[in-house]
Protein chains: 2
Amino acid sequence: MIDPGFGVSIPRLYAYHRALQQAAAEGKSTITSHSLAALLGQTIAPTQIRKDLCALGAHGRRGHGYAVKPLRGHLAWVLGLERDWRIAVVGFGYLGHAFATFITARETRFSVVSLFDRSPHVVGQVWQGVRVRDVAQLQRVLRGTPCDIGVIAVPSQAAQDVAELLAASGVRAILNFAPTTLQMRATQTPVVVRNIDLAGELSILTHRLSVGSMPAVEEA
Amino acid sequence: MIDPGFGVSIPRLYAYHRALQQAAAEGKSTITSHSLAALLGQTIAPTQIRKDLCALGAHGRRGHGYAVKPLRGHLAWVLGLERDWRIAVVGFGYLGHAFATFITARETRFSVVSLFDRSPHVVGQVWQGVRVRDVAQLQRVLRGTPCDIGVIAVPSQAAQDVAELLAASGVRAILNFAPTTLQMRATQTPVVVRNIDLAGELSILTHRLSVGSMPAVEEA
DNA sequence: AAATGTGAAGAGGTTCACAGCG
DNA sequence: CGCTGTGAACCTCTTCACATTT
């Protein structure tokens, strides 16, 4: 079973995964729920960690803790990080460029295999062996070389059209940086959408600053 | 009272704010909880919206809906978006550059007033009238021209140091793009931290794709 | 009639306390 | 003795149903 079921949040599992990578890099072969919590800056209680891991079927040794390597592997499996994912980035401005560069440098299982833009100044550029194509060709190109995930890094006005184009091209998931609500009508194979709103993230901070007090740290 | 209290989530309030901007741009002067929900792609139930707004003290007219303009103003006030905020971006690689450009173009109340980098190739560059300084000078520069918010767009290894530097320089909030848990020790004036983990956002999608089914849309 | 406002029910997620192993 | 595993209490957030107002 891949789906952890209920009571387990994916962002938390990813945080564990990242912390375990760090622990492994530091040479630790075993880790307790308590020390894992410390690695996460005490944002998650040890009990919560144990509940999550237990629900995943990842068991530790009482009195000792969890074996780092198999646990990390198990989490990677649950998160879908044990296979390769093909990504198409639409909108190759600063943001698209930054995303492609960042994700390529850091995660080997994610490969950016298609780039699209509308501007004639950008179309035709080559980035790490990938040529930027015109958005008008998106559907045709993706028909030839399918992608799992589409990243929308275009201005808000264009985002909805791009989303529909991506959905029509067989993309199954969309990461949207445009500050718009994408209206996805239900299709046969549903498209999973996740939004990253940079201005929205900032407002969370400004709200906190306006209120002025409250706990010191917050997790994303 | 600025703090909405409890049961009200800030991301949701920001979503309302954005939807109301859109409604205002479309010329609507009044809006119902139901049509607001439609603008948000039905991700939030009308009842939820009413509860939230009511908790904020924003009242509508029964039988008609809410007045767009004052409601938007009220939300902006609660979110802290009615004053200007000074931002320092640390790490002026692709990501820092993209963030600065994006936020400057889109939000007038956020101004990027300081840029820092470590690389001699980048230090000295001028972006929209702002000269990129060496990170070594961060504390000195910010002493002269204080900032409210620091954005960390440096590699993971450097993130912790930068965070401490920012905290020591009077920054009250941090937006962190580095995939690391920042260990903030409690200070007199607490520093609010918010993390944006791009690889983490992708894993949420890959997890969903691995599981394979489930509802069509998800909100960030 | 058409919406809002709101107490009450419900669901979901978190913490507690402690039993169970190594 | 140390740490995991887990049912039960707890708490927060969401949804429902309906009274209320224009």
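Cut-offs and rules
Residues numbered from 1 in each chain as written. Chains lettered and ligands numbered in written order. Predicted model: local features only at pLDDT ≥ 70, side-chain atom pairs only at ≥ 80, totals over all residues. Heavy atoms only, no water. Least-squares fit on C-alpha atoms with pLDDT ≥ 70 in both. Contact = heavy atoms within 4.5 Å. Near = heavy atom within 4 Å. Polar contact = N/O pair within 3.5 Å; in protein donor to acceptor, adjacent residues only side chain to side chain. Helix = DSSP H or I, 4+ residues; strand = E, 2+ residues; numbered from the N terminus. Nonpolar A, V, L, I, M, F, W, Y, C, P; charged D, E, K, R; others polar. Pairing = 2+ DSSP bridges. Axes fitted to C-alpha atoms, helices over the stretch in contact; angles between N-to-C directions. Domains from an automatic or database assignment. 1 Å grid on protein atoms, 1.4 Å probe; cavity = no way out; pocket = protein on both sides within 12 Å on 5 of 7 lines; lining within 4 Å. Points joined across faces, edges and corners; volume = space filled by probe spheres on them.

**What about the relation of the copies chain A and chain B?**
The operation relating the pair of chain copies consists of a rotation about an axis and a translation along that axis. Mapping chain A onto chain B is achieved by rotating through 180 degrees and translating by 0.0 Å along the same axis, at an RMSD of 0.1 Å. In short, the pair behaves as if placed about a two-fold rotation axis. Residue by residue, 100% of the interface of chain A is reproduced at the interface of chain B, so both copies engage with the same surface.

**Looking at the protein's contact with DNA strand D**
Surveying the vicinity of DNA strand D reveals 21 residues, the closest of which are Ser33, Cys54 and Tyr66 of chain A together with Arg12 and Arg62 of chain B. Of everything in DNA strand D that lies within 4 Å of the protein, sugar and phosphate atoms constitute 62%. Within the contact set of DNA strand D, a sugar or linking oxygen lies 3.3 Å away from a backbone nitrogen or oxygen of Gly63 of chain A. When contributions to the surface near DNA strand D are tallied by element, the ones reaching two or more residues are helix 3 (46-55) of chain A together with helix 3 (46-56) of chain B. Its residues assigned to classes, the surface near DNA strand D shows 3 nonpolar, 11 polar and 7 charged.

**Examining the sheet that holds strand 8 (residues 173-176) of chain B**
All names here are of chain B. Taken in spatial order, the 7 strands line up as 5-6-4-3-7-8-9 in an open sheet, and their pairing is mixed. Two strands close off the open sheet at either side, each with one partner strand: strand 5 (126-127) and strand 9 (192-195). Bridge analysis of strand 3 (residues 85-90) against strand 4 (residues 110-117) gives 6 bridges, and the strand direction is parallel. By the bridge assignment, Ala88 is partnered in strand 4 with Ser114. Contacting strand 3, strand 7 (149-152) and strand 8, helix 7 (residues 156-168) crosses the sheet at an angle of about 170 degrees to strand 7.

**Observations regarding the sheet that holds strand 8 (residues 173-176) of chain A**
Residue and element names in this part refer to chain A. Here 7 strands make up an open sheet; going across it, the order is 5-6-4-3-7-8-9 and the pairing mixed. A single partner strand is all that each edge strand has here, and the edge strands are strand 5 (126-127) and strand 9 (192-195). Relative to strand 8, strand 7 (residues 149-152) runs parallel, the two being bridged by 4 bridges. Residue Gly150 lies in a different strand from strand 8, and its bridge partner there is Ile174.

**So, the domain arrangement of chain A**
What the domain assignment reports for chain A is domain 1 (10-79) and domain 2 (85-200). Domain 1 of chain A and domain 2 of chain A are separated by 32 Å when their C-alpha centres are compared.

**With respect to empty space enclosed by the protein**
Throughout the structure, instances matching the rule amount to 2 cavities of 30 Å³ or more. Considered as a void within the structure, the largest cavity measures approximately 70 Å³ in volume. Together, Leu95, Ala98, Phe99, Phe177 and Leu198 of chain A together with Leu95, Ala98, Phe99, Phe177 and Leu198 of chain B line the largest cavity. Looking at side-chain class alone, the lining of the largest cavity contains 10 nonpolar, no polar and no charged residues.

**Here's the deal with the protein's contact with DNA strand C**
Of all residues adjacent to DNA strand C, which total 19 residues, the nearest are Arg12 and Lys51 of chain A together with Ser33, Cys54 and Tyr66 of chain B. Put simply, 61% of the atoms of DNA strand C that lie within 4 Å of the protein are in sugar or phosphate. Within the side chain of Ser33 of chain B, a nitrogen or oxygen atom sits 2.5 Å from a phosphate oxygen of DNA strand C. At 3.1 Å from a base nitrogen of DNA strand C is found a side-chain nitrogen or oxygen belonging to Arg50 of chain B.

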